[in-house]
Amino acid sequence: MQNILEFPEVLRLIEERSAAFRAAIASAPDLDVQVPTCPDWTLRDLAQHLGDGRRRQAAIVAAAPGAEPPAKTDPKGAPTAPRDREALDAWLAESTELMLDAMREAGPDRGCWTWWGRSQAPETSGAVARHQIQEIAVHTYDAQLTQGAAQPLPTDVAVEGVDEFLTTVAATTVPWPFKPATIDLHTTEGRSWRLTLNADGVHCDDLAADAEPGDMAMRGAASELVLYFYARAPLDGLETTGDTEPMEQLADWDPNA
């Protein structure tokens, strides 16, 4: 499988979604309200997380390949984000730019630390950039939802997000501990994938047009699929056929446990 988007487009979408997140934070009447989809955090905590996280990713990408990652920061215990609205906006913008600068310097093929060594995604700065689009996009949705103004993920972000999730988060070489199954995923935008779950792990491929139906199929807009993957939307909000148990097992399974 090949990436859907070229590296410059990935960086552009990171910048675009980061701007959308900043706009959601800037327009919020109160940054101390709870985020429904991240109930342990307020909007201010969410902004702290986004800023700290982008700075951490900048350090990871800039480090030598194989270097250990810097320690994570607890948003409750790291008062680095300014409380002043204008200063907070500037701090978030700077956080994104630090990460983008590191990615531009590294290019898409430089090796770096990742947490997904057993997946189908390479351990490169380009793969990190792909994942960053989704983290920022989903948290932008969280910030919008908190204000009652949630918007679907943009189509290009969401279609990329389905592919990125399946190859980075879902795929693994850890043996599947349940009954073998195949899950077909279809977007209304026209892309389709197949997950194969068996003793070799979980593997993702593009679904051939003439393939026989899998044990289960899911269909929806790419944004709906991504939001389901990240537990922002229920499975019953998607069109499904066949036995849904394998997808429910996959959602609950931690291959690293």
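Relevant structure appears above.
Residues numbered from 1 in each chain as written. Predicted model: local features only at pLDDT ≥ 70, side-chain atom pairs only at ≥ 80, totals over all residues. Heavy atoms only, no water.

Trainee: Could you give an account of the sheet that holds strand β4 (residues 192-198), naming the residues involved and the relevant values?
Mentor: Read from one edge to the other, the open sheet built from five strands follows the order β5-β4-β3-β6-β7, with strand pairing classed as mixed. Of all strands in the sheet, those with a lone pairing partner are β5 (201-206) and β7 (239-242), marking the two edges. Averaged over all pairs of adjacent strands, the angle between strand axes in this sheet comes to 15°, irrespective of strand direction. Two elements, strand β6 (residues 216-220) and β7, share four bridges in a ladder whose sense is antiparallel. Residue pairing for β7: Ala217 is matched across the bridge by Thr241. Taken strand by strand, helix α6 (residues 222-229) contacts β3 (181-187) and β6, and its axis lies near 120° from that of β6. (Pairing = 2+ DSSP bridges. Helix = DSSP H or I, 4+ residues; strand = E, 2+ residues; numbered from the N terminus. Axes fitted to C-alpha atoms, helices over the stretch in contact; angles between N-to-C directions. Contact = heavy atoms within 4.5 Å.)

Trainee: How would you sum up the packing of helix α5 (residues 155-170) against α6? Please name residues and give values.
Mentor: Working note: a packed helix pair is described by the angle between its axes plus the distance between those axes. Where α5 meets α6, the axes come as close as 8 Å, and the angle between the chain directions of the two elements is 40°. Classified by the interaxial angle, the pair formed by α5 and α6 is oblique. Between α5 and α6 lies a crossing of left-handed hand. Contacts between α5 and α6 involve Ala158, Val159, Gly161, Val162, Phe165 and Leu166 from the former and Ala222, Ser223, Leu225, Val226 and Phe229 from the latter. Classifying every residue of the contact of α5 with α6 by side-chain character gives nine nonpolar, two polar and no charged. (Parallel < 35°, antiparallel > 145°, perpendicular 65-115°, else oblique. Left-handed = near helix turned anticlockwise from the far one by under 90°. Nonpolar A, V, L, I, M, F, W, Y, C, P; charged D, E, K, R; others polar.)

Trainee: Now, about empty space enclosed by the protein: what can you tell me, with residues and values included?
Mentor: In this structure the tally under the stated criterion is three cavities of 30 Å³ or more. By volume, the largest cavity amounts to about 60 Å³. Taken together, Ser18, Phe21, Arg22, Leu50, Gly51, Arg54, Leu92, Ser95 and Thr96 make up the lining of the largest cavity. Going through the elements one at a time, α1 (7-27), α2 (43-62) and α3 (85-106) are the ones with two or more residues in the lining of the largest cavity. Per-class residue counts for the lining of the largest cavity are three nonpolar, four polar and two charged. Estimates place the volume of the second largest cavity at around 40 Å³. As for the second largest cavity, its lining consists of Arg17, Ala137, Thr140, Tyr141, Gln144, Gln151, Pro152, Leu153 and Pro154. (1 Å grid on protein atoms, 1.4 Å probe; cavity = no way out; pocket = protein on both sides within 12 Å on 5 of 7 lines; lining within 4 Å. Points joined across faces, edges and corners; volume = space filled by probe spheres on them.)

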